[in-house]
Amino acid sequence: MLARHHHSIVAIATAPGRGAVGIVRVSGQKIAPLINAICGRSLVPRQATYLPFRDALGQMIDQGLAIYFPAPHSYTGEDVLELQAHGGPVVLQLLLARCLEAGAAINPETGLPWLPQLRIAQPGEFTERAFLNDKIDLAQAEAIADLIDASTETAARSAARSMSGEFSLAVNTLLAQLVHLRMLVEATLDFPEEDIDFLQKADAQGQLLRLQATLASVMQRATQGAILREGIKVVIAGQPNAGKSSLLNALAGAELAIVTPIAGTTRDKVSQLIQIEGVPLHVVDTAGLREALDEVEKIGVERAWAEIESADAVLFLHDLTRQDVTDEMQDAINYIADDARIAGILSQKLPKTTAIIDVWNKSDRASPAVLSQISDGVLISAKTGAGLPALRQQLLQVVGWQAAPEGVFMARERHVRALRSVETQLATAAAQLGAARPALDLLAEDLRQAQLHLSAITGAFTADDLLGEIFSSFCIGK
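### So, the overall build of the chain
Then, in step 1: Across its full length, the chain carries 16 helices and 12 strands.
Then, in step 2: Summed over its atoms, the accessible surface of the chain is roughly 23200 Å², and 55% of this surface lies on carbon and sulfur atoms.

And the structure:
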């Protein structure tokens, strides 16, 4: 534990701005003198007390509720004081300053400050202390931030499940199975002269298979949780006037982008967060892909390609009304050739993991002959809404959303990476165990590495720099 973790900390725990209620939170060791200085009396633990908050001269700053949570039965595991006042920025700053002033006041008996190391909390430091004091594990701590940041109801419910310990329980169940298997292997290493084959008798291979099956289930739920947390970046791409802005408006259910018959109306990206079955989608409308006619449009096209290259899925929009070679043949041939050129660039620029969905727009105006030629992709009309439900389902499918929302717990990309590392180590262990003459020392090392990766999820083995990165993303009062 670092030296700063022994300091007492204080912060405004509510969002900036005006509100009905604002909270100032203090956490530390032996904060009774601070309570007496601000509240003028001691407090009954875990009981809300309505009283005036006073400054150093005894004048009232505000009236509100004070609640004292003595250690270890508090959020952080330390003594905690919460002052619930009126939610004005000036009032809360006065209370914050009063806490710091009271902590620095001199104790007449010792000649030292009451709380010599009381300071303003760093981002996430209250939750970090809850983790360090074993009130929650690291996965639960991250779920608290994810619950605050949740952009859909499904994401919020999944984060709440992880916060309550459901994800941690699944990881700890895997750990218990893995540790038991390690014990068998280590026992075989310690007693090589024994005639009894410990591993065969204990069905080590069967245990490993069951462990891999459990891991696969946890990975599937965690992967879905990562999708819920991170969302999906969907970029709408295509030639000018294919209906990209109309599609964005149709998916969002609002007139977000300007729609005109003039080619090149969209010069810069337009983004909107929408949700499909609780999954957040960051949908980006981009400038039409063509040889730019002026400098402004050229910049827009460059930005469009930059957005496309960072997408999880690309909706490649085609205009069905410009596909009919029997009417204005040369224009149709040119349009189809440009679509083919763009498709070629997409296949070159994008990694294989990026989904490209061909979306055939303006189906309400296309001729039957053109419609009959479409064999893949999704037929839609951004104007009438036809085909949009099928497009939404296709989007969920290509990004890997499969789980029923109630079975998903919130997870982060680092959790998924750790689980994949465990999967790799167990696969290596299975190959070693299935060999005619398994190298038991290598098998033991594979299982040890798998255990380390699993333990990193809940924070049993976690580097300090990772903790700093995780908690720095929290708000200051949390």
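### Digging into the pattern of salt bridges
Then, in step 1: Counted according to the given criterion, the structure contains 19 salt bridges.
Then, in step 2: Here R412 ties to E142 by a salt bridge, and the two come within 4.0 Å at their closest N and O atoms. Of this pair, R412 sits in the loop between α13 (388-398) and α14 (413-433) while E142 sits in helix α4 (residues 138-149), placing them 270 residues apart in sequence.
Then, in step 3: Owing to a relative accessible area of 9%, R412 belongs among the buried residues under this scheme.
Then, in step 4: The partner of E142 in a salt bridge is R414, with the nearest N and O atoms 2.8 Å apart. Of this pair, E142 sits in helix α4 while R414 sits in helix α14; the two residues are 272 residues apart in sequence, bridging distant segments of the chain. R414 shares its class with E142; the two are buried.
Then, in step 5: Three or more residues joined by partner-sharing salt bridges are found here, namely E142, D146, R229, E230, R412 and R414.

### Details of α14
Then, in step 1: Taking 1.5 Å of rise per residue, the 21 residues of α14 would be expected to cover 30 Å, and the 30 Å separating its terminal C-alpha atoms lies within 8% of that figure.
Then, in step 2: Of all the positions in α14, only R414, H415, V416, A418, L419, V422, Q425, L426, A429, Q432 and L433 are classed as buried.

### A closer look at the sheet that holds strand β12 (residues 378-379)
Then, in step 1: A sheet is described by the order of its strands in space; here six strands give the open sequence β8-β9-β7-β10-β11-β12, paired in mixed fashion. Only two strands of the sheet have a single partner each, and these edge strands are β8 (270-276) and β12.
Then, in step 2: With two bridges connecting them, strand β11 (residues 355-361) and β12 associate as parallel partners. For V359, the partnering residue across the bridge sits in β12 and is V378.
Then, in step 3: The strands touched by α13 within the sheet are β7 (232-238), β8, β9 (279-285), β10 (313-319), β11 and β12, with β11 carrying the most contacts at an inclination of about 170°.

### So, the environment of Q207
Then, in step 1: If you trace the backbone, Q207 turns up in helix α8 (residues 204-230).
Then, in step 2: Taking the relative accessible area as the measure of exposure, Q207 reaches 16% and is therefore buried.
Then, in step 3: Sequence separation of Q207 and L181 is 26 residues, and the distance between their C-alpha atoms is 7.2 Å.
Then, in step 4: Here Q207 is in contact with H180, L181, L184 and A202, once residues within four sequence places are set aside.

### Side note on the sheet that holds strand β2 (residues 19-28)
Then, in step 1: Taken together, the six strands give an open sheet; going across it, the order is β3-β4-β5-β2-β1-β6, and neighbouring strands pair in mixed fashion. Strands with a single pairing partner mark the edges of an open sheet, and in this sheet they are β3 (49-54) and β6 (118-120). For this sheet, the mean angle separating the axes of adjacent strands, direction not counted, is 30°.
Then, in step 2: The pairing of strand β1 (residues 8-12) with β2 spans four bridges and is classified as antiparallel. Bridge pairing links I9 to S27 in β2.
Then, in step 3: Relative to strand β5 (residues 79-87), helix α2 (residues 89-104) is tilted by about 150°, and along the sheet it contacts β1, β2, β3, β4 (60-69), β5 and β6.

### As for the confidence of the model for the chain
Then, in step 1: Confidence in the prediction of the chain, expressed as mean pLDDT, is 85, and 88% of residues score 70 or more.
Then, in step 2: Across residues 262-267, confidence stays below pLDDT 50; counting only partners more than four residues off in sequence or on other chains, it has 20 contacts.

### As for the state of the cysteines
Then, in step 1: One pass over the full model with this rule turns up zero disulfides.
Then, in step 2: Free of any disulfide, C39 has its nearest neighbouring cysteine sulfur in C99, separated by 8.7 Å.
Then, in step 3: Relative accessible area serves as the criterion here: at 7%, C39 is assigned to the buried category.

### Thoughts on α13
Then, in step 1: Taken together, the buried positions of α13 are L388, L391, L395 and L396. Down the axis of α13, the buried set is contained in an arc of 140°. They therefore lie on one face. Turned more than 90 degrees from where α13 packs its buried face, P389 and Q397 sit exposed.
Then, in step 2: Positive backbone phi, approximately 95°, marks G400, located one or two places after α13.

Thresholds, definitions, all that
- Note that residues are indexed from 1 along each chain, following the sequence as it is written.
- Given that the model is predicted, a residue must reach a pLDDT of at least 70 before its local features are reported, and side-chain atom pairs must reach 80 or more before they are shown or counted; all residues, however, enter totals for whole chains, interfaces and linings.
- As a rule here, side-chain values cover all heavy atoms of the structure and leave hydrogens and water aside.
- Secondary structure follows DSSP: runs of H or I at least 4 residues long count as helices, runs of E at least 2 residues long count as strands, and numbering of each begins at the N terminus.
- Note on areas: Shrake-Rupley, 1.4 Å probe, and residue coverage restricted to the protein chains presented here.
- In what follows, salt bridge is the name for a side-chain nitrogen of Lys or Arg lying within 4 Å of a carboxyl oxygen of Asp or Glu.
- Partly exposed residues are those whose accessible area sits between 20% and 50% of the maximum for their type, while under 20% is buried and over 50% is exposed, using a 1.4 Å probe and protein chains only.
- Here a helix's expected span is defined as the number of its residues, less one, multiplied by 1.5 Å.
- Strand pairing follows a simple DSSP-based rule, namely that at least 2 bridges must link the two strands.
- Any pair of residues with heavy atoms lying within 4.5 Å of one another is described as a contacting pair.
- Axes here mean lines fitted to C-alpha atoms, for a helix over just the part in contact, with angles spanning 0 to 180 degrees between N-to-C directions.
- pLDDT is a residue-level measure of predictor confidence that goes from 0 to 100.
- Counting rule for disulfides: a pair of cysteine sulfur atoms within 2.5 Å.
- Within this analysis, the arc is defined by the directions that extend from the helix axis to the C-beta atoms.

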